[in-house]
Amino acid sequence: MAAFTIYPAIDIRGGRCVRLVQGDYGRETVYDDQPVEVAQRWEADGAAWIHLVDLDGAKAGHPVNDGLIADIARSVNVPVQVGGGLRTLPDVERLLEAGVARVILGTAAIEDRAFVEEALARYGRSIAIGIDARDGYVATRGWLETSEVKAEVLAGELAGAGAETFIFTDISRDGMMKGPNVEAIVALSKSSGQTVIASGGVSNLDDLRKLSAHSADGVGGAIVGKALYTGSIDLAEAVKLALATDNG
């Protein structure tokens, strides 16, 4: 079986660790004032990666919390991946130079294909493509807008340009604790022929089992956010489940 990785999420807004419901900036819950300490706690619980989102950056269209993100990257001994407002090569370079292992390009994949293709050509595996979908169509600008591009079409095109990792979010599931859209995640992986990390809706260990059962299909992991903060998933247990999947 292929590897399956748990990515605990830290969504940053105003320097704090928060969660939004379905990307709605008006439906925010603050979980911690110290994102660095949260990252260290996730590492202590066995996380192999940390997933960071600059929510202010996603809304503004450029990185806002990059100083804090650099602090987090320096404070842990596991790789971090970051998304939110990354739309220029200097933005990407600055984060990679600050110690971020992988940057996630989302809105730019729709709005500036030349930039995304150049980033893929230069940085290869250090680039992931974030595909956030509403009713199958790609949403952009912090989910504030919805394009006319189908998620599977975009993934196929960018896989052809060298993308090896996609992060797929079904917005209708995000923050709702209703389980991930496994069918859509597997379909995206199969259509692109690349690794897809699931995001949105993971609410319990059973959700993770359903996703990890498709690791051989290219589902390479899951981002877990709200369920960790509410206590419905224990990260150490989730990591054990992932390791069991990796060991067949």
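Refer to the structure presented above.
The model shown is predicted, which means the values in this text are computed figures rather than measured ones.

## Things to note about the overall build of the protein
The number of helices and strands found in the protein is 11 helices and 12 strands. A globule of 248 residues ought to have a C-alpha radius of gyration of about 18 Å, and the protein, at 16 Å, matches this closely. Structurally, the protein occupies a C-alpha span of about 40 × 35 × 35 Å along its principal axes. In the protein, the share of contacts with a sequence separation of at least 24, taken over all contacts with a separation of at least 6, comes to 68%.

## Comments concerning the side chain of D11
Counting through the fold element by element, D11 comes out in strand β1 (residues 5–13). Residue D11 is classed as buried on the basis of its relative accessible area of 8%. One polar contact links D11 to R19, side chain to side chain, over a distance of 2.6 Å.

## A closer look at the environment of I233
Here I233 shows up in the loop between α10 (226–230) and α11 (235–246). With 144 residues separating them along the chain, I233 and L89 place their C-alpha atoms 36 Å apart. When near neighbours in sequence (up to four residues on either side) are disregarded, I233 contacts V202, S203, N204, L205, L208, V224, A227, L228 and A238.

## So, the pairing of strand β3 (residues 24–32)
Working note: regular strand, side chains alternate between the two faces of the sheet. Bridge count between strand β2 (residues 16–21) and β3: 5 bridges; the pairing is antiparallel. Following the sheet pairing, L20 is matched in β3 by E28. Counting the residues that bridge the hairpin from β2 to β3 gives 2 residues, and of these Q22 lies at a positive phi of roughly 55°.

## What about the packing of aromatic side chains?
According to the stated counting rule, one finds 3 aromatic pairs in the structure shown. Their ring planes at 25° and their centres at 5.0 Å tell us that Y31 and Y229 sit as a pair that is stacked. Taken together, the residues span a long stretch of sequence, with Y31 in strand β3 and Y229 in helix α10 at a distance of 198 residues. By relative accessible area, which is 27% here, Y31 ends up partly exposed. A network of ring pairs unites the aromatic residues Y31, W42 and Y229 as a single cluster. The cationic tip of R41 hangs over the ring face of W42; the distance from NZ or CZ to the ring centre is 5.3 Å. The positively charged end of R102 is found above the aromatic ring belonging to W49, 4.2 Å away from the centroid.

About the thresholds
- Residues numbered from 1 in each chain as written.
- Predicted model: local features only at pLDDT ≥ 70, side-chain atom pairs only at ≥ 80, totals over all residues.
- Heavy atoms only, no water.
- Helix = DSSP H or I, 4+ residues; strand = E, 2+ residues; numbered from the N terminus.
- Rg over C-alpha atoms; globule rule 2.2 N^0.38 Å.
- Contact = heavy atoms within 4.5 Å.
- Buried < 20%, exposed > 50% of the residue type's maximum accessible area, 1.4 Å probe, protein only.
- Polar contact = N/O pair within 3.5 Å; in protein donor to acceptor, adjacent residues only side chain to side chain.
- Pairing = 2+ DSSP bridges.
- Phe/Tyr/Trp six-rings, centres within 6.5 Å; stacked < 30°, edge-to-face > 60°.
- Lys NZ or Arg CZ within 6 Å of the ring centre and 35° of its normal.

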